[in-house]
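Residue-level structure breakdown
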Amino acid sequence: MGGSTRNPRVLQGDNASGQSPYQRLSRRMLDISGDRGVLKDVIREGAGELVTPDASVLDITLWGMELGLLSMRRGELARFLFKPTYAYGTLGCPPLIPPNTTVLFEIELLDFLDSAESDKFCALSAEQQDEFPLQKVLKVAATEREFGNYLFRQNRFYDAKVRYKRALLLLHRRSAPAEEQHLVAAAKLLVLLNLSFTYLKLERPTTALRYGEQALIIDRKNAKALFRCGQACLLMTEYQKARDFLVRAQQEQPFNHDINNELKKLASYYRDYTDKEKEMCHRMFAPYDNGSTVGEN
């Protein structure tokens, strides 16, 4: 889930009317916990379905926040009041949050991923999956890829790789009529690029190259695929192949900063490599001198 939260504000003290800030705010807020422990006020309405209990979320540290998120929709901005039981409890969170404090959060829900539907579909046999329309397969594959992206952003590269492979398997084993094959190919291309990048992060350049080359079968001029293949070859010290891929990538995107930097790196590595080769050859063929003159007995 993508979202943003503002720092919690502590609500304490009374005003001239005898009401605390908590009491003033709570009068117009909706009780979503059933015991008025979590209260909500929508600032901006969202759209679509509510967050599902199986959705993948980031940075959920409070019970109240979890309940609050389950009441939200994509794009929604809301204000929440959490009583101590649903927030930081009797200990608080010194020095910012005193013990037994009611806190105010503003939360914006940018997006969320519902992996339950995807998990159920992936658990079906290939024959059962074939009974669903192609659009369903593409949707599940996209969810798997997005979930992989979510894990990748957390540097959980191994877990991301598993999700990407699930997406690729779904796309590989699903046939499509000629007029829809381009949809499958486009989905495969994105997954293959993700897998190539992930294996580079896992320091497995041979596998990264394999997936990059599969992407090039779909789109031989894809700059990202050429770039990933070049990176993989560079890590494998296959400098000529690396240069070939990177030059082709540069031809597609001449002003791409990453591609141009990789070519500079390649030139530096190759220069060091040739210098070492020259030094080795020099040592191999240098005159042998053991302190004696040739021809002496």
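Residues numbered from 1 in each chain as written. Predicted model: local features only at pLDDT ≥ 70, side-chain atom pairs only at ≥ 80, totals over all residues. Heavy atoms only, no water.

For the chain, an unreviewed UniProt entry supplies the name peptidylprolyl isomerase and the organism Neomonachus schauinslandi. Of the comments in the UniProt record for the chain, the one headed Catalytic activity (unreviewed entry) reads "[protein]-peptidylproline (omega=180) = [protein]-peptidylproline (omega=0)". Recorded in UniProt for the chain, the comment headed Sequence similarities (unreviewed entry) runs: "Belongs to the FKBP6 family." (UniProt positions renumbered as here; feature names shortened; annotations may be inferred.)

What follows covers the packing of aromatic side chains. Taken as a whole, this structure holds eight aromatic pairs when the rule is applied. Ring plane angle 55 degrees and centroid distance 5.4 Å describe the contact between Phe147 and Tyr150, whose orientation is recorded as tilted. Of this pair, Phe147 and Tyr150 both sit in helix 5 (residues 134–153), three residues apart, roughly one helical turn. According to the relative accessible area criterion, Tyr150 is buried, its value standing at 9%. Taking NZ or CZ as reference, Arg228 lies 3.9 Å from the ring centre of Phe197, over its face. (Phe/Tyr/Trp six-rings, centres within 6.5 Å; stacked < 30°, edge-to-face > 60°. Helix = DSSP H or I, 4+ residues; strand = E, 2+ residues; numbered from the N terminus. Buried < 20%, exposed > 50% of the residue type's maximum accessible area, 1.4 Å probe, protein only. Lys NZ or Arg CZ within 6 Å of the ring centre and 35° of its normal.)

A few words now on the pattern of salt bridges. Pairing of side chains with opposite charge becomes possible as their charged atoms draw close. Using the criterion set out here, one finds twelve salt bridges in the structure. Among the salt bridges present, the one from Arg166 reaches Glu144, with a minimum N-O distance of 3.4 Å. With Arg166 in helix 6 (residues 157–172) and Glu144 in helix 5, the pair connects residues that are 22 residues apart, well separated along the chain. The class for Glu144 is buried, based on a relative accessible area of 1%. (Salt bridge = Lys/Arg side-chain N within 4 Å of Asp/Glu carboxyl O.)

This next bit is on helix 7 (residues 181–201). Here helix 7 is 21 residues long and its end C-alpha atoms lie 31 Å apart, about the 30 Å a rise of 1.5 Å per residue gives. Glu203 occupies a position one or two residues after helix 7 and carries a positive phi of about 60 degrees. (Expected span 1.5 Å × (residues − 1).)

Helix 9 (residues 223–235) packs onto helix 7 with a crossing angle of 25 degrees between their chain directions and a minimal axis gap of 10 Å. In terms of axis orientation, helix 7 runs roughly parallel to helix 9. Handedness of the crossing formed by helix 7 with helix 9: left-handed. Here helix 7 contributes Leu193, Ser196, Phe197 and Leu200 to the contact with helix 9, which in turn contributes Lys224, Ala225, Arg228, Gln231, Ala232 and Leu235. (Axes fitted to C-alpha atoms, helices over the stretch in contact; angles between N-to-C directions. Parallel < 35°, antiparallel > 145°, perpendicular 65-115°, else oblique. Left-handed = near helix turned anticlockwise from the far one by under 90°. Contact = heavy atoms within 4.5 Å.)

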